[in-house]
Amino acid sequence: MRVQIPPRHEVVTPLTITLNKLRLFLSLDHREWRGLLQLSEREYQKCRDDLDRTPAEAVFALCDALHIGIEQLWAGNIDFESVLAHFYETPHHLPERYRQGAFSKVRTIRNTLNFVESVSGYDLRHHALMAMQTKESTLLDLDAPVNLHMVSDLFSYLRRHGFRDGHFFEVGVNSVALNKNTLLAHELDGTRRPKELYQKLIEELTPFFERNCDYQIVKLTQAECLIESKINQEVSEALKTSKPGSMNGCLVRKGILASAPAFARLPFSSVTKVSCVYDNAPACRFHVKFHKPSKRRAVQYQA
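Given the structure is predicted, the values throughout are model-derived calculations rather than measurements.

Draft legend 1. Representation of the nonpolar core within the structure. Ranked by internal contacts, the top residues of the largest apolar core, which has 32 residues, are Leu 188, Tyr 198, Leu 201, Ile 202, Ile 227, Leu 257 and Val 288. In terms of residue count, helix α12 (residues 194-209) provides more of this core than any other element does, 5 residues in total. Once residues lying within four places of it in the same chain are set aside, the contact partners of Ile 202 are Pro 207, Tyr 215, Gln 216, Ile 217, Ile 227 and Leu 257. Residues Phe 103, Leu 129, Val 151 and Phe 168 belong to the second largest nonpolar core, which totals 30 residues.

Structure below.
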């Protein structure tokens, strides 16, 4: 016997599917769901059978309650496991997307968000975390592992919400302040010349805190150096992409390389990117020009 499915005349939108799945996934009855939406019983009855009629303010209330970015809800791009973890208060949960191939550190995320808050206020920081379905409690352990997807997702969100090249450069510069009491700062503080500092940074220290890329010094003199970075093949395989990361990350690295001499109380260097894997070059290369300690130079961004 063939079962006949009655035809559907209405179009089921992604928002309808997502809202319905969220309620069922969290095992909430209509009374509990109405509470999350902050709707009166009369208001809820109007949209119960047609979720596309859910008022906008109710959708925003739901996003706040479930710690979901409005863009992610609208697109149906949600990690339901994270929704469940946050709803039932699992404080340090990290979405599945950010766990595989975790060669980065929470330190990078925290550094970026601290800068975001300093220039744009806490709201942008909060909504960036919501877009990644992540909470502040996840950022407490600065050395906890996360993958490059999390870094790239954060940078992409900030780019869509007003960040420009100079902002990402300053994120890198800001890393000096975040790392001032770390082993990295202690090791670089003992150097006296830029040549010595960059040689120690790239050849000895970088492998301990940056595992997404492999770095080498191609050229090094008393006045300049040329630094090359290639994506770690292990990272590419774990994340199933030949080019993890983004150009936004390159801008951050420029800021880090430019400001690194500050660890030894030396003037910032001038950094120019001369090639990039995201422009189909085999590697990213950064030309670093040193400046004499006798000259005090302001931090300048070079496009």
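Draft legend 2. Spatial organisation of the pairing of strand β3 (residues 213-220). As paired strands, β3 and strand β4 (residues 224-231) are joined by 7 bridges and run antiparallel to one another. Within β4, the position partnered with Cys 213 by the bridge is Ile 231. In this antiparallel pair of consecutive strands, β3 and β4, the connection spans 3 residues.

Draft legend 3. Broad picture of the sheet that holds strand β5 (residues 270-275). Strand order in the open sheet formed by 4 strands is β3-β4-β6-β5, with antiparallel pairing between adjacent strands. The two strands at the open ends of the sheet, each matched to only one other strand, are β3 and β5. Strand-to-strand twist across the sheet, computed as the mean angle between neighbouring axes with direction ignored, equals 25°. In this fold α12 packs onto β3, β4 and β6 (284-289), with an angle of close to 150° to the strand it touches most, β3. Its contacts with the sheet place helix α14 (residues 247-259) against β3, β4, β5 and β6, and it is angled at close to 145° to β5.

Draft legend 4. Fine view of the side chain of Asn 248. Relative to the assigned elements, Asn 248 resides in helix α14. Its relative accessible area of 8% is what places Asn 248 among the buried residues. A polar atom in the side chain of Asn 248 sits 2.8 Å from the side chain of Arg 159. In this structure Asn 248 touches Phe 155, Ser 156, Arg 159 and Phe 168, once residues within four positions along its chain are discounted.

Draft legend 5. Broad picture of the packing of aromatic side chains. As enumerated under the stated definition, the model contains 6 aromatic pairs in all. Here the aromatic rings of Phe 87 and Tyr 88 are separated by 4.9 Å at their centres, their planes lie at 90°, and the arrangement is edge-to-face. On the basis of relative accessible area, Tyr 88 is assigned to the partly exposed category, the value being 48%. When the centroid spacing of 5.7 Å and the interplanar angle of 65° are considered together, the rings of Phe 163 and Phe 168 count as edge-to-face. Here Phe 163 and Phe 168 have matching classes, each one buried. Here a set of aromatic residues connected by ring pairs shows up, and it is made of Phe 115, Phe 155, Phe 163 and Phe 168.

Criteria and cut-off values
- Residues numbered from 1 in each chain as written.
- Predicted model: local features only at pLDDT ≥ 70, side-chain atom pairs only at ≥ 80, totals over all residues.
- Heavy atoms only, no water.
- Core = buried A, V, L, I, M, F, W, Y, C linked by side-chain atoms within 4.5 Å.
- Buried < 20%, exposed > 50% of the residue type's maximum accessible area, 1.4 Å probe, protein only.
- Helix = DSSP H or I, 4+ residues; strand = E, 2+ residues; numbered from the N terminus.
- Contact = heavy atoms within 4.5 Å.
- Pairing = 2+ DSSP bridges.
- Axes fitted to C-alpha atoms, helices over the stretch in contact; angles between N-to-C directions.
- Polar contact = N/O pair within 3.5 Å; in protein donor to acceptor, adjacent residues only side chain to side chain.
- Phe/Tyr/Trp six-rings, centres within 6.5 Å; stacked < 30°, edge-to-face > 60°.

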